[in-house]
Amino acid sequence: MTIHGYKSNVSGLEASLKNLSNIYWNLTPSELYEHSVKKELAVLNDTGALAVDTGEFTGRSPKDRFIVKDDKTTGSVHWNNFNIPFEAANFDLLFKDMSHYLEGKDIYVRDAFVCADPTYRMNVRVITELPWQNMFANNMFLRPSREEQLSMQPEWTVLAAPGFKADAKKHGTRQHNFAVVNFTKKTILIGGTAYTGEIKKGIFSVLNYVLPHERDVLSMHCSANIGEHGDTALFFGLSGTGKTTLSADPNRGLIGDDEHGWSDKGVFNFEGGCYAKCIDLTEEKEPDIFRAIKFGALLENVRYLENSRTVNYADKSVTENTRVSYPLNHISNAVFPSVGNIPNNIFFLTADAFGVLPPISQLTPGQAMFHFISGYTARVAGTEAGVIEPSTTFSACFGAPFLPLHPAKYAEMLGKRMQSTQAHVWLINTGWTGGPYGVGKRMKLAYTRAMITAALNGELDTVAYEPHPVFGVLIPKTCPNVPDEILNPRNTWADKDSYDQKTAELAEAFNKNFEKYADQASKDILDAAPKSSARV
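Residues numbered from 1 in each chain as written. Predicted model: local features only at pLDDT ≥ 70, side-chain atom pairs only at ≥ 80, totals over all residues. Heavy atoms only, no water.

1. Examining the nonpolar core
Our working definition: Residues belong to one nonpolar core when they are buried, are Ala, Val, Leu, Ile, Met, Phe, Trp, Tyr or Cys, and are joined through side-chain atoms within 4.5 Å. Per-residue accessibility, obtained with a 1.4 Å probe over protein chains only, is compared with the maximum for each type, and a residue is labelled buried under 20%, exposed over 50%, and partly exposed between these values. Secondary structure elements follow DSSP: runs of H or I no shorter than four residues count as helices, runs of E no shorter than two count as strands, and numbering proceeds from the N terminus. Residues count as neighbours in contact if any of their non-hydrogen atoms are within 4.5 Å of one another.
Within the largest apolar cluster, 103 residues are counted, with the highest numbers of intra-cluster contacts made by Leu234, Phe236, Ile346, Phe348, Phe372 and Phe471. Per-element tally for this core: the top contributor is helix H6 (residues 197-214), with 8 residues. Discounting chain neighbours no more than four positions away, the residues touching phenylalanine 372 are Phe236, Phe348, Ala396, Cys397, Phe398, Tyr410, Ala411 and Leu414.

What follows is the structure, encoded as structure tokens:
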């Protein structure tokens, strides 16, 4: 076995991997580019980004994510369809067989850390089978100096071997791919999938347990930015709602695009990079993301214009979940260190394909908690065979698959912080207006940006509001640079009766989803639920 690169102490999980061919330690992006291309695992596009295919899996597999159930986790983890229990003995057997699989192979080791606030910093060692996986880790996690790397001791270790496929009967997995978190051994094992998001979300799940449970820090699936006067804004939302796009504001500094903590001092980014969807990406719509795709960026599952290496961002032939990762410093207005003050404004983003919710509305504290616990968006019809209507999607706290604790824990922490700071909370519908998907049109990005800007600048503090008759949220009657007629969604529908019917259907879906949380909700939250019919 030969060790190459800038090495820290060989003292963790990698020390138990035997008979390896080469260990490549903390290689630079240029070196990882070279290894990826020479091994015919990647190509360069015409902007200098590295492009790869992730193979069988082009997204996460929530049903194949497990948590080891032992003395530490039995009573603290909220066991459900996302937090699936796994036997400790099966974890040990998986690691043993993964070690055998890696014998005679090269591996790539990356020392990094997460949490931009040094008070909560956690050292992470990422061991990967493929060089471009290691580049993803370099992009997405915070990068220590060369001197720091020499003395780093990992608190957590990730071992990712896409070529290793589990035997479900032998190892206790559901199928051949898996991501298993062991909180006692502080180790994550990932195999059978090359989708890099499993690495990122594995560490996010760890922080979602450790910070709220042990450090009294609210972990959040949100983006964050900061104004020139230090005012901080948070953007919560599920995939496809515009979280990354809307936080990338040229007039504000970007703290981070996906994962943050909220301590008693303020907000801090967990990561050192961005992992953006790039389907239908254009420079006009999203200039910051478009220009970030250069040397050092990693494109996943994209295709090219004919006879070129120019990416065709409209091509969905592999997946609609085309992605790009890049270091935060690829964004010109990113702030370093990636920290902000106590938030002044909080935005809940939803892509309502039913065209029912207002494009912007202000929430009371009770409504804020109700919508945070609900975590609503809608999947568009036509993405799956036989689906002819939009489908509701509820993900507690806008990130249920990554929350090891009960959603009530995160909601309670957010509620206390909102009450103590008196932050404004807004519900933003980036979805449809004038009718549901297939009839109406997607809300213009320029209008959404104008509404958010008005909220941030305090321009909505003095305007008149009207309550939505079913959801009760407060709709501004006017907003700078936005036509008044689109602010109340009912006004945009030609068929008012159809709007009322769709509104009642969505309200019923909200209330049905919330039933499982009702026994732990306060009266203010329960009173914030939508009514089944218009209020008199």
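2. Digging into the confidence of the model for the protein
When pLDDT drops low, the exact placement of atoms in the prediction is not to be read closely. Counted only if it meets this: pLDDT is defined as a per-residue confidence score from the predictor, taking values between 0 and 100.
When pLDDT is averaged along the protein, the result is 93, and 96% of the positions lie at 70 or above. Every residue in residues 381-387 is under pLDDT 50, and counting partners more than four places away or in other chains gives 7 contacts.

3. With respect to the layout of surface pockets
Stated precisely, the cut-off is as follows: A cavity, in this analysis, means grid points on a 1 Å lattice covering only the protein atoms where a 1.4 Å probe fits yet has no way out; a pocket is instead an open set bounded by protein on both sides within 12 Å along at least five of seven lines, and a residue lines either one if it has an atom within 4 Å of a point. Grid points are joined across faces, edges and corners, and a volume is the space filled by probe spheres set on the points. Following the grouping adopted for this structure description, the nonpolar residues are Ala, Val, Leu, Ile, Met, Phe, Trp, Tyr, Cys and Pro, the charged ones are Asp, Glu, Lys and Arg, and the polar ones are all others, Gly among them.
For the second largest pocket, the calculated volume is near 320 Å³. Around the second largest pocket, the lining is made up of 17 residues, and of these Met369, Ala411, Glu412, Ser522 and Ile525 lie nearest the centre. Put simply, the parts of the chain that give the lining of the second largest pocket at least two residues each are helix H9 (365-374), helix H10 (407-421) and helix H13 (523-527). With 7 residues, the single largest contributor to the lining of the second largest pocket is H10. A per-class count over the lining of the second largest pocket returns 9 nonpolar, 5 polar and 3 charged.

4. Considering the sheet that holds strand E3 (residues 43-44)
Put simply, the rule reads: At least two DSSP bridges between two strands are required for those strands to pair.
Taken together, 5 strands build an open sheet; the order of strands is E3-E4-E18-E19-E17 and the sheet is mixed. Two strands lie at the open edges of the sheet, namely E3 and strand E17 (273-277), each paired on one side alone. Inspection of the sheet shows E3 paired to strand E4 (residues 50-52) by 2 bridges, in the antiparallel sense. Of the residues in E4, the one forming a bridge with valine 43 is alanine 51.

5. What to know about helix H12 (residues 496-514)
The periodicity of an α-helix, 3.6 residues per turn, causes residues three or four positions apart to be oriented the same way. Quick reminder of the rule: For a helix, the expected span equals 1.5 Å multiplied by the number of residues minus one. When we speak of the arc, we mean the arc of directions from the helix axis to the C-beta atoms. Any pair of nitrogen or oxygen atoms within 3.5 Å is treated as a polar contact; in protein, a donor-acceptor pairing is required on top of that, and neighbouring residues in sequence qualify only through side-chain atoms on both sides.
The end-to-end C-alpha separation of H12 is 27 Å, in line with the 27 Å expected for 19 residues at 1.5 Å each. Within H12, burial applies to Tyr499, Lys502, Thr503, Leu506, Ala507, Phe510, Asn513 and Phe514. The buried residues of H12 occupy one face: seen down the axis, they fall within an arc of 140°. Those residues of H12 that are exposed and angled more than 90 degrees off the buried face are Asp497, Gln501, Glu508 and Lys512. Close packing links the buried residues of H12 with H9, strand E23 (376-379), strand E24 (391-394) and H13. The backbone nitrogen of aspartate 497 has a side-chain oxygen 3.1 Å away, supplied by the residue at the start of H12, namely aspartate 495.

6. Details of the sheet that holds strand E10 (residues 178-182)
As a reminder, the rule being used: In this analysis an axis means a line fitted to C-alpha atoms, helices contributing only their contacting stretch, and an angle means the value between N-to-C directions, from 0 to 180 degrees.
Taken in spatial order, the 9 strands line up as E1-E2-E7-E8-E9-E11-E10-E5-E6 in an open sheet, and their pairing is mixed. With one partner strand each, in any of the chains shown, strand E1 (2-5) and strand E6 (84-86) form the two edges of the open sheet. Each adjacent strand pair in this sheet contributes to an overall mean axis angle of 20°, direction not counted. For strand E5 (residues 65-68) and E6, the ladder comprises 3 bridges, and the chain directions are parallel. Paired with valine 68 across the strands is phenylalanine 86, a residue of E6. In the packing of helix H3 (residues 131-140) onto the sheet, contacts are made with strand E7 (106-114), strand E8 (122-128) and strand E9 (156-161), and the angle to E7 comes to roughly 10°.

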